[in-house]
Number of protein chains: 2
Amino acid sequence: MPNPLRPSTRDAIVEAAFDVLSRDPSAALAQVAERAGVGRATLHRHFATREALIRALALTAIEEMDAAAEAACADARSYEDAFRRMLTVLIPLGDRHGFLSREPVDDDPEIAAEFQRQMDETREMVEGAKAEGLFDPAVPTAWITQAFDHLLYAAWESVRAGEATHAQAADLAWRTLTHGLGTGGAERKRP
Amino acid sequence: MPNPLRPSTRDAIVEAAFDVLSRDPSAALAQVAERAGVGRATLHRHFATREALIRALALTAIEEMDAAAEAACADARSYEDAFRRMLTVLIPLGDRHGFLSREPVDDDPEIAAEFQRQMDETREMVEGAKAEGLFDPAVPTAWITQAFDHLLYAAWESVRAGEATHAQAADLAWRTLTHGLGTGGAERKRP
DNA sequence: TTGGCATGAGACAAATATGTCTCATTTGAG
DNA sequence: CTCAAATGAGACATATTTGTCTCATGCCAA
(Lines give C-alpha, C1' and ligand atoms only; values in the text may rest on other atoms or scores of the structure.)
Protein backbone atom coordinates (compact mmCIF):
# COMPACT_ATOMS: atom_id res chain seq x y z
CA MET A 1 0.00 0.00 0.00
CA PRO A 2 1.47 3.31 -1.08
CA ASN A 3 2.23 5.58 1.82
CA PRO A 4 0.67 9.01 1.18
CA LEU A 5 3.06 10.54 3.70
CA ARG A 6 6.20 9.59 1.82
CA PRO A 7 6.36 11.59 -1.40
CA SER A 8 10.06 12.16 -0.76
CA THR A 9 11.01 11.81 -4.41
CA ARG A 10 8.51 14.38 -5.51
CA ASP A 11 9.61 16.73 -2.76
CA ALA A 12 13.24 16.27 -3.73
CA ILE A 13 12.42 17.21 -7.31
CA VAL A 14 10.52 20.32 -6.25
CA GLU A 15 13.35 21.35 -3.96
CA ALA A 16 15.95 20.79 -6.68
CA ALA A 17 13.85 22.73 -9.15
CA PHE A 18 13.70 25.74 -6.82
CA ASP A 19 17.43 25.48 -6.32
CA VAL A 20 18.41 25.12 -9.97
CA LEU A 21 15.81 27.34 -11.63
CA SER A 22 16.29 30.22 -9.22
CA ARG A 23 19.90 30.35 -10.38
CA ASP A 24 19.13 29.79 -14.07
CA PRO A 25 15.48 29.99 -15.11
CA SER A 26 16.28 28.44 -18.47
CA ALA A 27 18.13 25.46 -17.06
CA ALA A 28 17.25 22.09 -18.58
CA LEU A 29 15.20 19.56 -16.69
CA ALA A 30 18.20 17.25 -16.80
CA GLN A 31 19.96 19.60 -14.39
CA VAL A 32 16.97 19.56 -12.08
CA ALA A 33 16.88 15.77 -12.11
CA GLU A 34 20.59 15.56 -11.42
CA ARG A 35 20.36 18.00 -8.52
CA ALA A 36 17.46 15.99 -7.12
CA GLY A 37 19.49 12.82 -7.41
CA VAL A 38 16.89 11.13 -9.59
CA GLY A 39 16.75 10.00 -13.18
CA ARG A 40 15.28 12.23 -15.83
CA ALA A 41 12.56 9.65 -16.51
CA THR A 42 11.50 9.72 -12.87
CA LEU A 43 11.13 13.47 -13.04
CA HIS A 44 8.76 13.06 -15.97
CA ARG A 45 6.83 10.39 -14.08
CA HIS A 46 6.03 12.96 -11.40
CA PHE A 47 5.69 16.01 -13.67
CA ALA A 48 4.67 15.17 -17.20
CA THR A 49 5.91 18.42 -18.71
CA ARG A 50 8.12 21.33 -17.78
CA GLU A 51 5.04 23.46 -17.54
CA ALA A 52 3.51 21.10 -14.98
CA LEU A 53 6.65 21.33 -12.87
CA ILE A 54 6.66 25.12 -12.96
CA ARG A 55 3.00 25.13 -11.99
CA ALA A 56 3.77 22.91 -9.01
CA LEU A 57 6.54 25.31 -8.01
CA ALA A 58 4.17 28.25 -8.21
CA LEU A 59 1.59 26.51 -6.03
CA THR A 60 4.28 25.55 -3.54
CA ALA A 61 5.52 29.14 -3.45
CA ILE A 62 2.02 30.40 -2.79
CA GLU A 63 1.61 27.89 0.03
CA GLU A 64 4.89 28.96 1.56
CA MET A 65 4.03 32.63 1.35
CA ASP A 66 0.63 31.94 2.89
CA ALA A 67 2.27 30.04 5.72
CA ALA A 68 4.77 32.81 6.33
CA ALA A 69 2.12 35.50 6.21
CA GLU A 70 -0.17 33.55 8.50
CA ALA A 71 2.63 33.03 10.99
CA ALA A 72 3.43 36.74 10.85
CA CYS A 73 -0.18 37.77 11.37
CA ALA A 74 -0.97 35.14 13.99
CA ASP A 75 0.30 36.99 17.02
CA ALA A 76 0.34 40.48 15.55
CA ARG A 77 -1.27 43.08 17.77
CA SER A 78 -2.04 45.50 14.94
CA TYR A 79 -1.86 45.90 11.17
CA GLU A 80 1.36 47.82 11.63
CA ASP A 81 2.80 44.92 13.60
CA ALA A 82 1.61 42.47 10.98
CA PHE A 83 3.24 44.42 8.13
CA ARG A 84 6.49 44.70 10.03
CA ARG A 85 6.55 40.96 10.70
CA MET A 86 5.61 40.08 7.13
CA LEU A 87 8.48 42.16 5.84
CA THR A 88 10.89 40.15 7.93
CA VAL A 89 9.55 36.71 7.13
CA LEU A 90 9.14 37.33 3.39
CA ILE A 91 12.66 38.61 2.72
CA PRO A 92 14.28 35.15 2.84
CA LEU A 93 11.75 33.83 0.33
CA GLY A 94 13.06 36.12 -2.39
CA ASP A 95 15.88 33.79 -3.38
CA ARG A 96 13.52 30.89 -3.62
CA HIS A 97 10.51 32.42 -5.36
CA GLY A 98 11.89 35.40 -7.24
CA PHE A 99 12.40 33.66 -10.56
CA LEU A 100 8.72 32.69 -10.75
CA SER A 101 7.79 36.29 -11.44
CA ARG A 102 9.39 35.87 -14.86
CA GLU A 103 7.48 32.71 -15.68
CA PRO A 104 4.19 32.82 -17.58
CA VAL A 105 2.26 31.12 -14.79
CA ASP A 106 -0.64 33.54 -15.04
CA ASP A 107 -2.06 31.44 -17.86
CA ASP A 108 -3.14 28.80 -15.38
CA PRO A 109 -6.51 29.79 -13.92
CA GLU A 110 -5.81 28.17 -10.54
CA ILE A 111 -2.53 30.06 -10.14
CA ALA A 112 -4.13 33.29 -11.28
CA ALA A 113 -6.92 32.86 -8.74
CA GLU A 114 -4.46 32.26 -5.90
CA PHE A 115 -2.48 35.31 -6.94
CA GLN A 116 -5.62 37.39 -6.95
CA ARG A 117 -6.56 36.11 -3.52
CA GLN A 118 -3.17 37.07 -2.10
CA MET A 119 -3.44 40.49 -3.72
CA ASP A 120 -6.84 40.97 -2.14
CA GLU A 121 -5.55 39.96 1.28
CA THR A 122 -2.71 42.44 0.99
CA ARG A 123 -5.15 45.15 -0.03
CA GLU A 124 -7.32 44.43 2.98
CA MET A 125 -4.29 44.69 5.22
CA VAL A 126 -3.31 48.00 3.64
CA GLU A 127 -6.77 49.39 4.20
CA GLY A 128 -6.76 48.19 7.79
CA ALA A 129 -3.40 49.86 8.28
CA LYS A 130 -4.79 53.05 6.77
CA ALA A 131 -7.62 52.99 9.30
CA GLU A 132 -5.01 52.50 12.01
CA GLY A 133 -3.18 55.62 10.89
CA LEU A 134 -0.08 53.83 9.60
CA PHE A 135 -0.60 54.89 5.99
CA ASP A 136 -1.92 58.14 4.59
CA PRO A 137 -5.46 57.51 3.29
CA ALA A 138 -4.72 59.92 0.45
CA VAL A 139 -2.14 57.57 -1.02
CA PRO A 140 -3.66 55.00 -3.39
CA THR A 141 -3.78 51.52 -1.91
CA ALA A 142 -2.39 50.13 -5.15
CA TRP A 143 0.76 52.21 -4.76
CA ILE A 144 1.26 51.14 -1.16
CA THR A 145 1.08 47.55 -2.32
CA GLN A 146 3.57 48.20 -5.11
CA ALA A 147 5.93 50.00 -2.77
CA PHE A 148 5.71 47.21 -0.21
CA ASP A 149 6.47 44.56 -2.82
CA HIS A 150 9.36 46.43 -4.38
CA LEU A 151 10.94 47.56 -1.13
CA LEU A 152 10.73 43.94 -0.02
CA TYR A 153 12.54 43.00 -3.21
CA ALA A 154 15.08 45.76 -2.62
CA ALA A 155 15.72 44.45 0.88
CA TRP A 156 16.24 40.93 -0.41
CA GLU A 157 18.67 42.13 -3.06
CA SER A 158 20.48 44.25 -0.52
CA VAL A 159 21.04 41.18 1.63
CA ARG A 160 22.07 39.11 -1.36
CA ALA A 161 24.63 41.75 -2.36
CA GLY A 162 26.09 41.68 1.12
CA GLU A 163 25.21 45.32 1.68
CA ALA A 164 23.19 44.64 4.81
CA THR A 165 22.14 41.88 7.18
CA HIS A 166 18.64 40.49 7.08
CA ALA A 167 17.63 42.59 10.09
CA GLN A 168 19.25 45.77 8.78
CA ALA A 169 17.60 45.44 5.38
CA ALA A 170 14.22 44.84 7.01
CA ASP A 171 14.68 47.95 9.15
CA LEU A 172 15.66 50.09 6.17
CA ALA A 173 12.75 48.88 4.03
CA TRP A 174 10.39 49.45 6.94
CA ARG A 175 11.67 52.96 7.53
CA THR A 176 11.42 53.76 3.84
CA LEU A 177 7.89 52.45 3.61
CA THR A 178 6.38 53.90 6.76
CA HIS A 179 8.08 57.26 6.97
CA GLY A 180 7.39 57.69 3.29
CA LEU A 181 3.75 56.74 3.37
CA GLY A 182 2.94 57.75 6.93
CA THR A 183 0.36 60.30 7.99
CA GLY A 184 3.15 62.72 8.69
CA GLY A 185 3.53 62.80 12.46
CA ALA A 186 3.41 59.27 13.77
CA GLU A 187 7.16 58.79 13.80
CA ARG A 188 7.97 62.17 15.30
CA LYS A 189 9.84 62.08 18.59
CA ARG A 190 7.83 63.33 21.57
CA PRO A 191 9.52 66.40 23.03
CA MET B 1 30.46 54.60 -51.02
CA PRO B 2 28.76 53.40 -47.90
CA ASN B 3 26.98 56.11 -46.03
CA PRO B 4 27.92 55.98 -42.34
CA LEU B 5 24.78 57.93 -41.47
CA ARG B 6 22.41 55.30 -42.82
CA PRO B 7 22.59 52.18 -40.66
CA SER B 8 18.84 51.95 -40.84
CA THR B 9 18.75 48.17 -41.10
CA ARG B 10 20.88 47.73 -38.03
CA ASP B 11 18.76 50.22 -36.13
CA ALA B 12 15.59 48.48 -37.19
CA ILE B 13 16.94 45.19 -35.86
CA VAL B 14 17.91 46.75 -32.53
CA GLU B 15 14.52 48.38 -32.24
CA ALA B 16 12.72 45.14 -33.07
CA ALA B 17 14.87 43.26 -30.57
CA PHE B 18 13.91 45.68 -27.80
CA ASP B 19 10.29 45.30 -28.78
CA VAL B 20 10.19 41.52 -29.05
CA LEU B 21 12.58 40.55 -26.26
CA SER B 22 11.04 42.88 -23.72
CA ARG B 23 7.80 40.98 -24.19
CA ASP B 24 9.41 37.53 -24.31
CA PRO B 25 13.08 37.33 -23.35
CA SER B 26 13.33 33.82 -24.77
CA ALA B 27 11.87 34.69 -28.15
CA ALA B 28 13.69 33.29 -31.16
CA LEU B 29 15.77 35.52 -33.39
CA ALA B 30 13.40 34.67 -36.21
CA GLN B 31 10.73 36.69 -34.42
CA VAL B 32 13.11 39.60 -34.05
CA ALA B 33 13.97 39.49 -37.74
CA GLU B 34 10.32 39.30 -38.70
CA ARG B 35 9.44 42.26 -36.49
CA ALA B 36 12.33 44.21 -38.02
CA GLY B 37 11.06 43.37 -41.48
CA VAL B 38 14.36 41.78 -42.48
CA GLY B 39 15.50 38.28 -43.29
CA ARG B 40 17.01 36.12 -40.63
CA ALA B 41 20.27 35.97 -42.59
CA THR B 42 20.48 39.75 -42.58
CA LEU B 43 20.13 39.78 -38.82
CA HIS B 44 23.11 37.45 -38.57
CA ARG B 45 25.09 39.65 -40.95
CA HIS B 46 24.78 42.50 -38.46
CA PHE B 47 24.97 40.47 -35.26
CA ALA B 48 26.86 37.22 -35.62
CA THR B 49 25.32 35.58 -32.58
CA ARG B 50 22.42 36.08 -30.24
CA GLU B 51 24.89 37.06 -27.55
CA ALA B 52 26.29 39.81 -29.76
CA LEU B 53 22.80 41.19 -30.30
CA ILE B 54 22.06 41.20 -26.57
CA ARG B 55 25.36 42.95 -25.96
CA ALA B 56 24.44 45.62 -28.50
CA LEU B 57 21.09 46.07 -26.75
CA ALA B 58 22.81 46.48 -23.40
CA LEU B 59 25.18 49.11 -24.79
CA THR B 60 22.28 50.92 -26.42
CA ALA B 61 20.35 50.85 -23.16
CA ILE B 62 23.31 52.30 -21.30
CA GLU B 63 23.64 55.05 -23.89
CA GLU B 64 19.95 55.86 -23.60
CA MET B 65 20.06 55.97 -19.83
CA ASP B 66 23.14 58.18 -19.97
CA ALA B 67 21.41 60.54 -22.36
CA ALA B 68 18.30 60.67 -20.19
CA ALA B 69 20.31 61.23 -17.04
CA GLU B 70 22.43 63.89 -18.66
CA ALA B 71 19.36 65.70 -19.91
CA ALA B 72 17.85 65.51 -16.43
CA CYS B 73 20.98 66.83 -14.75
CA ALA B 74 21.78 69.45 -17.36
CA ASP B 75 19.58 72.22 -16.01
CA ALA B 76 19.10 70.88 -12.49
CA ARG B 77 19.63 73.47 -9.80
CA SER B 78 20.41 70.95 -7.07
CA TYR B 79 20.93 67.27 -6.44
CA GLU B 80 17.35 67.09 -5.25
CA ASP B 81 16.20 68.61 -8.51
CA ALA B 82 18.38 66.19 -10.46
CA PHE B 83 16.99 63.15 -8.67
CA ARG B 84 13.44 64.30 -9.18
CA ARG B 85 14.02 64.84 -12.90
CA MET B 86 15.83 61.53 -13.31
CA LEU B 87 12.91 59.71 -11.76
CA THR B 88 10.60 61.19 -14.35
CA VAL B 89 12.76 60.56 -17.39
CA LEU B 90 13.78 57.02 -16.40
CA ILE B 91 10.29 55.66 -15.81
CA PRO B 92 9.45 55.31 -19.52
CA LEU B 93 12.67 53.36 -20.11
CA GLY B 94 11.51 50.49 -17.91
CA ASP B 95 9.48 48.84 -20.66
CA ARG B 96 12.40 49.00 -23.01
CA HIS B 97 15.32 48.02 -20.78
CA GLY B 98 13.77 45.99 -17.98
CA PHE B 99 14.33 42.58 -19.51
CA LEU B 100 18.09 43.17 -19.74
CA SER B 101 18.40 42.81 -15.99
CA ARG B 102 17.64 39.12 -16.44
CA GLU B 103 20.29 38.63 -19.12
CA PRO B 104 23.81 37.49 -18.24
CA VAL B 105 25.41 40.59 -19.73
CA ASP B 106 27.74 41.06 -16.79
CA ASP B 107 30.09 38.55 -18.33
CA ASP B 108 31.15 41.11 -20.90
CA PRO B 109 33.86 43.30 -19.38
CA GLU B 110 32.85 46.38 -21.35
CA ILE B 111 29.24 46.14 -20.17
CA ALA B 112 30.33 45.45 -16.61
CA ALA B 113 32.56 48.53 -16.67
CA GLU B 114 29.75 50.73 -17.96
CA PHE B 115 27.43 49.39 -15.29
CA GLN B 116 30.01 50.12 -12.63
CA ARG B 117 30.46 53.63 -13.96
CA GLN B 118 26.73 54.32 -13.80
CA MET B 119 26.61 52.92 -10.27
CA ASP B 120 29.44 55.21 -9.25
CA GLU B 121 27.71 58.22 -10.75
CA THR B 122 24.54 57.41 -8.87
CA ARG B 123 26.50 57.01 -5.65
CA GLU B 124 28.11 60.40 -6.14
CA MET B 125 24.70 61.94 -6.66
CA VAL B 126 23.37 60.30 -3.51
CA GLU B 127 26.29 61.63 -1.50
CA GLY B 128 25.79 65.07 -2.96
CA ALA B 129 22.13 64.91 -2.02
CA LYS B 130 23.08 63.82 1.49
CA ALA B 131 25.29 66.91 1.81
CA GLU B 132 22.36 68.96 0.58
CA GLY B 133 20.16 67.57 3.34
CA LEU B 134 17.85 65.61 1.08
CA PHE B 135 18.84 62.22 2.50
CA ASP B 136 19.70 61.25 6.04
CA PRO B 137 23.47 60.72 6.22
CA ALA B 138 22.85 57.87 8.65
CA VAL B 139 21.16 55.80 5.95
CA PRO B 140 23.65 53.74 3.93
CA THR B 141 24.19 55.09 0.44
CA ALA B 142 23.82 51.57 -0.95
CA TRP B 143 20.29 51.36 0.43
CA ILE B 144 19.32 54.72 -1.00
CA THR B 145 20.48 53.52 -4.39
CA GLN B 146 18.53 50.28 -4.04
CA ALA B 147 15.42 52.12 -2.93
CA PHE B 148 15.69 54.56 -5.81
CA ASP B 149 16.08 51.77 -8.35
CA HIS B 150 13.23 49.69 -6.99
CA LEU B 151 10.82 52.55 -6.45
CA LEU B 152 11.56 53.57 -10.02
CA TYR B 153 10.69 50.04 -11.05
CA ALA B 154 7.54 50.16 -8.92
CA ALA B 155 6.50 53.40 -10.61
CA TRP B 156 7.03 51.90 -14.05
CA GLU B 157 4.99 48.84 -13.16
CA SER B 158 2.28 51.00 -11.66
CA VAL B 159 1.98 52.88 -14.94
CA ARG B 160 2.04 49.65 -16.93
CA ALA B 161 -0.76 48.23 -14.80
CA GLY B 162 -2.84 51.31 -15.44
CA GLU B 163 -2.91 52.17 -11.75
CA ALA B 164 -1.47 55.64 -12.26
CA THR B 165 -0.35 58.06 -14.90
CA HIS B 166 3.30 58.67 -15.53
CA ALA B 167 3.23 61.90 -13.53
CA GLN B 168 1.25 60.39 -10.65
CA ALA B 169 3.58 57.42 -10.36
CA ALA B 170 6.61 59.71 -10.37
CA ASP B 171 5.08 61.81 -7.61
CA LEU B 172 4.29 58.76 -5.48
CA ALA B 173 7.75 57.26 -5.91
CA TRP B 174 9.31 60.62 -5.09
CA ARG B 175 7.22 61.04 -1.98
CA THR B 176 8.03 57.52 -0.85
CA LEU B 177 11.73 58.00 -1.41
CA THR B 178 12.22 61.44 0.09
CA HIS B 179 9.85 61.39 3.00
CA GLY B 180 11.16 57.98 3.87
CA LEU B 181 14.81 58.80 3.63
CA GLY B 182 14.66 62.49 4.53
CA THR B 183 16.35 64.14 7.45
CA GLY B 184 13.08 64.18 9.30
CA GLY B 185 11.77 67.69 9.04
CA ALA B 186 12.33 68.96 5.54
CA GLU B 187 8.83 68.20 4.35
CA ARG B 188 7.07 69.52 7.45
CA LYS B 189 4.66 72.35 6.89
CA ARG B 190 5.71 75.62 8.45
CA PRO B 191 3.15 76.72 11.07
C1' DT C 1 24.02 51.11 -68.48
C1' DT C 2 27.00 48.60 -65.36
C1' DG C 3 29.14 46.90 -61.33
C1' DG C 4 29.32 46.48 -56.48
C1' DC C 5 26.70 45.83 -52.33
C1' DA C 6 23.12 44.78 -49.20
C1' DT C 7 19.38 42.02 -48.94
C1' DG C 8 15.57 38.10 -49.04
C1' DA C 9 14.54 33.50 -49.39
C1' DG C 10 15.55 29.20 -48.34
C1' DA C 11 18.33 24.99 -47.72
C1' DC C 12 21.39 22.90 -44.48
C1' DA C 13 23.91 20.98 -40.41
C1' DA C 14 24.58 20.98 -35.60
C1' DA C 15 23.22 21.52 -30.97
C1' DT C 16 19.95 21.33 -27.43
C1' DA C 17 15.69 20.27 -24.91
C1' DT C 18 11.72 17.69 -24.47
C1' DG C 19 8.84 13.77 -23.93
C1' DT C 20 8.30 8.62 -24.57
C1' DC C 21 9.65 4.08 -24.23
C1' DT C 22 12.02 -0.23 -22.69
C1' DC C 23 14.43 -3.06 -19.55
C1' DA C 24 17.00 -4.26 -15.56
C1' DT C 25 17.37 -3.23 -10.70
C1' DT C 26 15.95 -1.85 -6.22
C1' DT C 27 12.75 -1.37 -2.48
C1' DG C 28 9.22 -2.30 0.65
C1' DA C 29 4.96 -4.56 2.06
C1' DG C 30 2.78 -8.89 2.90
C1' DC D 1 10.88 -15.09 0.52
C1' DT D 2 7.83 -13.07 -3.18
C1' DC D 3 5.73 -9.82 -5.85
C1' DA D 4 4.37 -5.34 -7.28
C1' DA D 5 5.55 -0.62 -7.55
C1' DA D 6 9.08 2.76 -8.09
C1' DT D 7 13.26 3.82 -9.96
C1' DG D 8 17.79 4.42 -12.94
C1' DA D 9 19.96 4.14 -17.15
C1' DG D 10 19.72 4.92 -21.59
C1' DA D 11 17.93 4.68 -26.33
C1' DC D 12 14.81 7.04 -29.36
C1' DA D 13 11.99 10.33 -32.00
C1' DT D 14 10.69 15.07 -32.34
C1' DA D 15 10.80 19.96 -32.18
C1' DT D 16 13.15 24.16 -31.82
C1' DT D 17 16.86 27.25 -32.26
C1' DT D 18 21.03 28.67 -33.95
C1' DG D 19 24.49 29.73 -37.20
C1' DT D 20 26.25 28.98 -42.05
C1' DC D 21 25.91 28.93 -46.80
C1' DT D 22 24.20 29.73 -51.57
C1' DC D 23 21.81 32.05 -55.10
C1' DA D 24 18.80 35.38 -57.16
C1' DT D 25 17.10 40.15 -56.79
C1' DG D 26 16.86 45.04 -56.10
C1' DC D 27 19.20 49.38 -55.53
C1' DC D 28 22.50 53.01 -55.79
C1' DA D 29 26.43 55.25 -57.58
C1' DA D 30 29.82 56.02 -61.18
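Residues numbered from 1 in each chain as written. Chains lettered and ligands numbered in written order. Predicted model: local features only at pLDDT ≥ 70, side-chain atom pairs only at ≥ 80, totals over all residues. Heavy atoms only, no water.

Quick notes on the pattern of salt bridges
Evaluated as defined, the whole model comprises 26 salt bridges over all chains. The shortest N-O distance in the salt bridge between Asp 19 of chain A and Arg 35 of chain A comes to 2.1 Å. Pair noted here: Asp 19 of chain A is in helix α1 (residues 8-23) and Arg 35 of chain A is in helix α2 (residues 29-36), with a separation of 16 residues, a long-range link. In this structure Arg 35 of chain A comes out as partly exposed when scored by relative accessible area, which is 48%. Asp 108 of chain B serves as the salt-bridge partner of Arg 55 of chain B, at 3.5 Å between the closest nitrogen and oxygen. With Arg 55 of chain B in helix α4 (residues 50-74) and Asp 108 of chain B in the loop between α6 (94-97) and α7 (109-132), this residue pair connects regions lying 53 residues apart in the sequence. If you follow the salt bridges from partner to partner, you end up with Asp 66, Glu 114, Arg 117 and Glu 121 of chain A in one network. (Salt bridge = Lys/Arg side-chain N within 4 Å of Asp/Glu carboxyl O. Helix = DSSP H or I, 4+ residues; strand = E, 2+ residues; numbered from the N terminus. Buried < 20%, exposed > 50% of the residue type's maximum accessible area, 1.4 Å probe, protein only.)

Here we look at the protein's contact with DNA strand D
Around DNA strand D, a shell composed of 18 residues is seen, among which Thr 9 and Thr 42 of chain A together with Leu 29, Arg 40 and Arg 50 of chain B lie nearest. A share of 50% of the atoms of DNA strand D within 4 Å of the protein falls on sugar and phosphate groups. In this structure, Gly 37 of chain A approaches DNA strand D through a main-chain N or O atom, which is 3.3 Å from a phosphate oxygen. Elements that contribute at least two residues to the surface near DNA strand D include exactly α3 (40-46) of chain A together with α3 (40-46) of chain B. For the surface near DNA strand D, the leading source of residues is α3 of chain A, giving five residues. Class assignment of the residues belonging to the surface near DNA strand D gives a composition of six nonpolar, seven polar and five charged. (Near = heavy atom within 4 Å. Polar contact = N/O pair within 3.5 Å; in protein donor to acceptor, adjacent residues only side chain to side chain. Nonpolar A, V, L, I, M, F, W, Y, C, P; charged D, E, K, R; others polar.)

What to know about the nonpolar core
In terms of nonpolar packing, the biggest core is built from 64 residues, with Phe 83, Phe 135 and Trp 143 of chain A together with Phe 83, Phe 135 and Trp 143 of chain B touching the most fellow members. Phe 83 of chain A has contacts with Thr 122, Met 125, Val 126, Ala 129, Leu 134, Phe 135, Phe 148 and Trp 174 of chain A, leaving out every residue within four places of it along the chain. Core analysis: the next-biggest nonpolar cluster, separate from the first, contains 26 residues, Phe 18, Leu 21, Phe 47 and Val 105 of chain A among them. (Core = buried A, V, L, I, M, F, W, Y, C linked by side-chain atoms within 4.5 Å. Contact = heavy atoms within 4.5 Å.)

Quick word on the packing of aromatic side chains
Going through the model one piece at a time under the given rule, you end up with eight aromatic pairs over all chains. Here Phe 18 of chain A and Phe 99 of chain A contribute two aromatic rings whose centre-to-centre distance is 6.3 Å and whose plane-to-plane angle is 80°, an arrangement assigned as edge-to-face. Pair noted here: Phe 18 of chain A is in helix α1 and Phe 99 of chain A is in the loop between α6 (93-97) and α7 (109-132), with a separation of 81 residues, a long-range link. Between Tyr 153 of chain B and Trp 156 of chain B, the ring centres sit 5.0 Å apart and the planes meet at 70°, which makes this aromatic pair edge-to-face. In this pair, Tyr 153 of chain B and Trp 156 of chain B both sit in helix α8 (residues 141-160), three residues apart, roughly one turn of the helix. (Phe/Tyr/Trp six-rings, centres within 6.5 Å; stacked < 30°, edge-to-face > 60°.)

A look at the domain arrangement of chain A
All names here are of chain A. Here chain A is described as being made up of domain 1 (1-48) and domain 2 (59-181). Taken residue by residue, the interface counts six residues in domain 1 and eight residues in domain 2. Carbon and sulfur atoms make up 66% of the area that domain 1 and domain 2 hide from each other, which totals about 550 Å². A per-residue breakdown of the area domain 1 buries against domain 2 is headed by Phe 18, Ser 22 and Pro 25, which together make up 72% of the total. Applying the counting criterion to the domain 1 and domain 2 interface returns one salt bridge. With a closest N to O distance of 2.7 Å, Arg 96 and Glu 15 form a salt bridge. Of the residues belonging to the side of domain 1 that touches domain 2, the class tally is four nonpolar, one polar and one charged. (Domains from an automatic or database assignment. Buried area = accessible area lost by both parts, 1.4 Å probe.)

Observations concerning the protein's contact with DNA strand C
Surrounding DNA strand C, one finds 20 residues, the nearest of these being Arg 40 and Arg 50 of chain A together with Thr 9, Gly 39 and Thr 42 of chain B. Put simply, 54% of the atoms of DNA strand C that lie within 4 Å of the protein are in sugar or phosphate. Between DNA strand C and the protein, one listed contact pairs a base oxygen with a side-chain N or O atom of Arg 40 of chain A at 2.7 Å. In this structure, His 46 of chain B approaches DNA strand C through a side-chain N or O atom, which is 3.1 Å from a phosphate oxygen. Counting only elements with at least two residues in the surface near DNA strand C, the list comes to α3 of chain A together with α3 of chain B. The leading source of residues in the surface near DNA strand C is α3 of chain B, at five residues. Tallied by class, the residues present in the surface near DNA strand C amount to seven nonpolar, seven polar and six charged.

Overview of the packing of helix α4 (residues 50-74) of chain A against helix α5 (residues 79-90) of chain A
All names here are of chain A. Where α4 meets α5, the axes come as close as 8 Å, and the angle between the chain directions of the two elements is 145°. Crossing geometry of α4 relative to α5 is assigned as right-handed. Across the interface between the two elements, Ala 68, Ala 69, Ala 72 and Cys 73 of α4 pack against Ala 82, Arg 85, Met 86, Val 89 and Leu 90 of α5. When its residues are assigned to classes, the contact of α4 with α5 shows eight nonpolar, no polar and one charged. (Axes fitted to C-alpha atoms, helices over the stretch in contact; angles between N-to-C directions. Left-handed = near helix turned anticlockwise from the far one by under 90°.)

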